[in-house]
Amino acid sequence: MIPGRSLVLMLIFLCSLSCSSDSEMPEEQETDASCSNESLLEQFTAEGGEVIFIYEDGKAFTQEPNSCEFLFQYFDPDFASDNYTTMGTDVFFKVDNELVPIKNDFQEDFETKSTLSNLFSTDISSPDLFWTNMTLQSPATPEVEEYVALSKCILDGSCDFIDNKLEIVPSPTDSDNTVLKFTAIAPTANMVTSKTSISTILNYFVKGADLWFEADYYIISGKPFTLVDFETSYFEVSPGPRVVLRNNKLGIENKFGAKLEYPGNGPDVPVGAWFKLKVHLQFSSTDNGIIELWQDGEQVVNATGINLPTSNAIQNILEMGISATQEGCELLVDNMRISDTAF
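Remember, it's a predicted structure, so these values are computed and weren't measured experimentally.

## Concerning the overall build of the protein
Moving on, step 1. Across its full length, the protein carries four helices and 22 strands.
Moving on, step 2. At 20 Å, the protein has a C-alpha radius of gyration in line with the 20 Å of a compact globule built from 343 residues.
Moving on, step 3. Its C-alpha atoms give the protein principal-axis dimensions of about 65 × 50 × 45 Å.
Moving on, step 4. Buried residues in the protein amount to 52% of all 343 residues.
Moving on, step 5. Expressed as a percentage of contacts within the protein between residues at least 6 apart in sequence, the contacts between residues at least 24 apart total 64%.
Moving on, step 6. Accessible surface for the protein amounts to roughly 14,500 Å². Of this, 48% is attributable to carbon and sulfur atoms.

Structural data, given as structure tokens:
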């Protein structure tokens, strides 16, 4: 058995390594005359127009004029059996010798979380066990190993925040209500993004599953680019759909494949006022996936399309907060809820 604190630090370590979007592609090269349809899992056209072939063994190739060129190992074909086991109708996440129940139904209002250590529960039997990681990618800690080490030492009490930070604070509109505050400074020129977010790797959404998410957001200053991401940690660069803020309006886009965008037609997102964001996804690697988004009860995206990178993918990550920004910003979040049934 893994002691509670050690288990949570193990979860943090696993999530931090897999949630990063900065990982490098393998340099392996393989060639053949043409990309076969045998054992083909998915095929799509990328942003640059190249056709990508993904096979059941997890390898990705692209068709060149005279050869089928290996690109990278997109996923380990044994990722599902290596990381999950099923008992009856219950699914468990494997962490060393421990089985942790997956959580597709959770609510968080931050009212009982007086400190960040309360937010990251250490008890696998606790109903509060959900959040497994914080990410503080900033000019002070731009690299994966740096912000992984920072999050670990903050949670064990041996260090403090540097520039990007998380705080549990009173709501600006109700001092009796506590909320989570995310602060991120702008990235430097050689960084892809800055981020301050919390995440979990305990979700388990597969092809055909429904995901419902909502939370209250309050932008104090600046404009984050992404507010919530739904990803798979088992695939290269953690692909999945995410809610973005583009031209002051909410929308959804895929962080994979052709990076399809589903722009919203709602009002501008306010600064200095609460707004409620609600998402419904029914996952599919073909064009019949359901993609819905509401802002303060008004539906701003109602589309069908691809929202799962491959038919065998497992969306196990929920990342919430300032999950990407190109400018300094401050954000509050409250009353988060996620479920596999409608609410």
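## What to know about the nonpolar core
Moving on, step 1. In terms of nonpolar packing, the biggest core is built from 76 residues, with Trp131, Ile198, Phe213, Tyr217, Leu277 and Met336 touching the most fellow members.
Moving on, step 2. Phenylalanine 213 has contacts with Val228, Phe230, Leu277, Lys278, Val279, Leu318, Met320, Met336, Arg337, Ile338 and Phe343, leaving out every residue within four places of it along the chain.
Moving on, step 3. Residues Phe53, Tyr55, Phe61 and Phe70 belong to the second largest nonpolar core, which totals six residues.

## Quick notes on the packing of aromatic side chains
Moving on, step 1. As enumerated under the stated definition, the model contains 20 aromatic pairs in all.
Moving on, step 2. With a centroid separation of 5.5 Å and an interplanar angle of 80°, the aromatic rings of phenylalanine 61 and phenylalanine 70 are classed as edge-to-face. Summarising the burial analysis for this pair, phenylalanine 61 and phenylalanine 70 share the class buried.
Moving on, step 3. A centroid spacing of 5.9 Å and a plane angle of 20° characterise the contact between tyrosine 217 and phenylalanine 275, whose relative ring orientation is stacked. One end of the pair, tyrosine 217, is in strand 13 (residues 210–221); the other, phenylalanine 275, is in strand 18 (residues 274–282), with 58 residues separating them in the sequence. Comparing tyrosine 217 with phenylalanine 275, the two get one shared label, buried.

## Points about a negative patch on the surface
Moving on, step 1. Negative charge collects at one region of the surface, where Asp109, Glu111, Asp174 and Asp176 lie side by side.
Moving on, step 2. With a relative accessible area of 36%, glutamate 111 lands in the partly exposed category.

## As for the confidence of the model for the protein
Moving on, step 1. Looking at the protein, the pLDDT average stands at 91 and 91% of residues meet or exceed 70.
Moving on, step 2. Within the model, pLDDT remains below 50 along residues 1–6, and this stretch shows nine contacts once partners closer than five positions in the same chain are excluded.
Moving on, step 3. Across residues 20–30, where pLDDT falls below 50, the model places 27 contacts with residues more than four positions away in sequence or in other chains.

## Observations concerning the pairing of strand 3 (residues 59–63)
Moving on, step 1. Burial analysis of strand 3 places four of its five residues in the buried class, which makes it a mostly covered element.
Moving on, step 2. Across three bridges, strand 2 (residues 51–55) lies against strand 3 in antiparallel orientation. Opposite phenylalanine 53, over in strand 3, you have phenylalanine 61 as the bridge partner.
Moving on, step 3. Counting the residues in the hairpin turn of strand 2 and strand 3 gives three residues, including glycine 58, whose phi is positive at 90°.
Moving on, step 4. Here strand 3 runs beside strand 4 (residues 68–73); their pairing, made up of five bridges, is antiparallel. Residue lysine 59 lies in a different strand from strand 4, and its bridge partner there is glutamine 73.
Moving on, step 5. Here strand 3 folds back onto strand 4 in antiparallel fashion, the turn holding four residues.

## Some points on the environment of asparagine 302
Moving on, step 1. Here asparagine 302 is to be found in strand 20 (residues 298–305).
Moving on, step 2. Among the residues examined, asparagine 302 registers a relative accessible area of 60% and is labelled exposed.
Moving on, step 3. Measuring from C-alpha to C-alpha, the distance between asparagine 302 and threonine 122 comes to 39 Å, with 180 residues separating the pair along the chain.
Moving on, step 4. What asparagine 302 contacts, discounting residues up to four positions off in sequence, is Ile291 and Glu292.

## Focus on the sheet that holds strand 9 (residues 133–137)
Moving on, step 1. Strand order in the open sheet made by the seven strands is 9-12-21-14-15-16-17, with antiparallel pairing throughout. Edge strands, defined here as strands with exactly one partner in the open sheet, are strand 9 and strand 17 (261–263). Each neighbouring strand pair of the sheet contributes to a mean axis angle of 20°, computed without reference to strand direction.
Moving on, step 2. As defined by bridge partners, strand 14 (residues 226–231) adjoins strand 21 (residues 317–325) across five bridges and the pair is classed as antiparallel. Residue pairing for strand 21: glutamate 231 is matched across the bridge by isoleucine 317.

## Comments concerning the sheet that holds strand 5 (residues 84–87)
Moving on, step 1. Strand order in this open sheet of three strands is 5-6-7, and the pairing throughout is antiparallel. Each end of this open sheet is capped by a strand with a single partner; those strands are strand 5 and strand 7 (98–101). Averaged over all adjacent pairs, the angle separating strand axes in this sheet is 40°, with direction ignored.
Moving on, step 2. The pairing of strand 5 with strand 6 (residues 90–95) spans four bridges and is antiparallel. The partner of threonine 85 across the bridge, within strand 6, is phenylalanine 92.

## Remarks on unusual backbone geometry
Moving on, step 1. Of note in the backbone geometry, asparagine 247 takes a positive phi value of approximately 55° without being a glycine.
Moving on, step 2. Among the structural elements, asparagine 247 can be located in the loop between strand 15 (241–246) and strand 16 (249–254).
Moving on, step 3. Looking at asparagine 247, the relative accessible area reads 68%, which means it is exposed.
Moving on, step 4. The phi dihedral of lysine 259 is positive, around 50°, even though this residue is not glycine.

Cut-offs applied
- Residue positions are given per chain, counting from 1 as you read along its sequence in written order.
- For this predicted model, a pLDDT threshold of at least 70 governs which residues receive local features, and a threshold of 80 or more governs which side-chain atom pairs are given and counted, while totals over whole chains, interfaces and linings are taken from all residues.
- As a rule here, side-chain values cover all heavy atoms of the structure and leave hydrogens and water aside.
- Segments assigned H or I by DSSP are reported as helices when at least four residues long, segments assigned E as strands when at least two residues long, and all are numbered from the N terminus.
- All radius of gyration figures rest on C-alpha atoms, and the globule criterion is 2.2 Å times the number of residues raised to 0.38.
- Partly exposed residues are those whose accessible area sits between 20% and 50% of the maximum for their type, while under 20% is buried and over 50% is exposed, using a 1.4 Å probe and protein chains only.
- Contacts are assigned to residue pairs that have any heavy atoms within 4.5 Å of one another.
- Computed with a 1.4 Å probe, the accessible areas rest on the Shrake-Rupley method; for each residue, only the protein chains presented here act as cover.
- Nonpolar cores are built from buried Ala, Val, Leu, Ile, Met, Phe, Trp, Tyr and Cys residues. Side-chain atoms within 4.5 Å join them into one set.
- Aromatic pairing here means that ring centres of Phe, Tyr or Trp (its six-membered ring) are within 6.5 Å. Orientation follows from the plane angle: under 30 degrees is stacked, over 60 is edge-to-face, and everything else is tilted.
- Like charges are joined within 9 Å and nonpolar side chains (Val, Leu, Ile, Met, Phe, Trp, Tyr) within 5 Å, but only among residues with over 30% relative accessible area and no salt bridge; these make up the patches.
- Salt bridge, as applied in this entry: a Lys or Arg side-chain nitrogen positioned within 4 Å of an Asp or Glu carboxyl oxygen.
- Neither His nor the chain ends contribute to the count of charged residues, in which Lys and Arg are positive and Asp and Glu negative.
- Taken as the charge location is NZ of Lys, CZ of Arg, CG of Asp or CD of Glu.
- pLDDT is defined as a per-residue confidence score from the predictor, taking values between 0 and 100.
- At least two bridges found by DSSP between two strands are what make those strands a pair.
- As a rule, the C-alpha atoms of each element are fitted with a line to give its axis, helices using only the stretch in contact, and angles between N-to-C directions run from 0 to 180 degrees.

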